[in-house]
Each structure stands twice: as structure tokens, then as C-alpha cells.
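# Overview (structure and organization)
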Amino acid sequence: MPSATATIQMARTPRPLKPMPDIPVQTGLPDGDRSSHIRDAVADLRSTARWTIVAAGAVGALLLGGAPLTAIGEIDNIRDAILAYAGLIIALAGVSWAIWQTSEALLPRIATFAQLADPDMASLRAALALEPTAFYGPFGTSPGQLQDAAVMYETAAANLAAARAREPDEARVRVLDQAIDDARANAELARRLENNVLELIHAWKVRSAVRRARLHTFAATIVVAFGAVLYLTATS
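Residues numbered from 1 in each chain as written. Predicted model: local features only at pLDDT ≥ 70, side-chain atom pairs only at ≥ 80, totals over all residues. Heavy atoms only, no water.

Scanning the chain from terminus to terminus reveals eight helices and zero strands. The linear arrangement of helices and strands in the chain, starting from the amino end, is α-α-α-α-α-α-α-α. A separation of at least 24 residues holds for 82% of the contacts in the chain among residues at least 6 apart in sequence. As displayed, the chain offers around 13100 Å² of accessible surface, 63% of which is attributable to carbon and sulfur atoms. (Helix = DSSP H or I, 4+ residues; strand = E, 2+ residues; numbered from the N terminus. Contact = heavy atoms within 4.5 Å. Areas by Shrake-Rupley, 256 points an atom, 1.4 Å probe, with all protein chains shown as cover.)

Right under this line is the structure:
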């Protein structure tokens, strides 16, 4: 176990030397505000997905309305009836496809640092590499270094607290108290930055899901249009 003096020095020497509870994560944007902005962006993305589902559901309700089914009932040709039913089934399949894929963006997600290696995280990785201090603060240039720093300062705070409990010298106790405050402040900042990066990963995953849903919805629209044309041709 390192000596009390060494532990104090480690606690007081984050990168840079001083307690840092108020170091800004991004110029002009306080840490709490930044986290709130990330959550707002995720909420907007999911709102877009919900409106897409509502629109697709409205199309499905229109296809299953009374008028289309009544029109099929008036067909006296078995071939046209089959085509009309096939058109409705194809159109409804397209609607179901769009709803299924879009609902994926609304599923709860757990963000991990391992997900940074996923192909859809390329733009986020580039942003983190371009300005690491804005995301990792003074604790390195990668999630691993950020996590290591948090553990280091939490361990230092615990060791210092144990040393303080055994220290009889009042002057020494005051030094230890300051060192404990420094270590805890640095550990808290590292954990806060860690949570911010995890929230960014979560936001990027939701964005990727919404983008995929848009592509699937576009393809589903083509399927719905084909089914509608088949139905209209059979009932005209």
C-alpha cells in the first residue's frame, strides 16, 4: 500500500494539480446542461419514430376501412377478387413492416463503452478523437483512461480517509481533509464525464435506429404503393 504522503500527492495531482469539480466539459456549455441536451436530442429522435408509427397506423386503418372491403364485395370476378385481396395483404404487410422497424428505435437500450467499436459509431469516435479534452476532461484520451482515473481517485479517497482516522496530528488531519476533498472531487468529475460519454453512445445508437427505420419505411412505402395499385386495378 502506498504511504500516506504518496497517496496525498496522487489525490492532489489529477492532471492538472487542483480540485476540479467545476471544470467545464465543453466551452460555453456547463456539464449538467450538456447532459440535458443529449437527453433532449434522444427524446426528439424517439418522437420522430412515434410519429412515423402513427402515420403508418393511419394508413393501415385506411386500408382496413369500410370502403375498400365494400369495394371487394362488389367484385364478381374471382381473379379480380384474388388480386384485390392480394393487394390489400401486400399493402398491410408494408405498413406492418414500417411499424415493426420503427418501433425498434423506441426499445430501451443500455449503452456501454464497448459499443464505441460498432460500425455505426464511426462519427462519434471521430468526434471524441478530434477533441478528447471536451469529452474526457483532464483524464486522458479514451474511455479506458477515464474509467481508470475514476477508480484511482476513489481508491485514493478511501486510503486517505483510512489514514485520517489513524492520524493524531491536527495539522496533518487538515492536510488529509483537503487531500480527501481533492480526490473525491476528481473522482466525481471523472464519473460525471463517464456518464456523459455513455449518454452520447446511447444517443448515437438511437439515431442509428431511427435512420435505419427511415430506410425501411421508405422501402415499405414502395410495397404499400404496389399493393394499393394492385388493389385499385382489381377493383376499377
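As a further point, take the pattern of salt bridges. Within this structure, the stated rule accounts for seven salt bridges. Between D80 and R79 there is a salt bridge, with its nearest N and O atoms 3.3 Å apart. Assessed through its relative accessible area of 56%, R79 is described here as exposed. One connected set of salt bridges, linked through shared partners, spans D118, D120 and K205. (Salt bridge = Lys/Arg side-chain N within 4 Å of Asp/Glu carboxyl O. Buried < 20%, exposed > 50% of the residue type's maximum accessible area, 1.4 Å probe, protein only.)

Over its 66 residues, helix α8 (residues 170-235) runs 94 Å from end to end, which matches the ideal 98 Å to within 8%, given 1.5 Å per residue. At the N-terminal boundary of α8, the capping side chain belongs to D169, with an oxygen 2.8 Å from the backbone nitrogen of A171. (Expected span 1.5 Å × (residues − 1). Polar contact = N/O pair within 3.5 Å; in protein donor to acceptor, adjacent residues only side chain to side chain.)

With 24 residues, helix α7 (residues 143-166) should reach 34 Å at 1.5 Å per residue; the first-to-last C-alpha distance of 35 Å fits that figure. Within the span of α7, buried status applies to P143, L146, A149, A150, Y153, A156, A157, L160 and A163.

Along the chain, Y85 turns up in helix α4 (residues 78-103). For the pair formed by Y85 and Y231, sequence separation is 146 residues and the distance between their alpha carbons is 7.1 Å.

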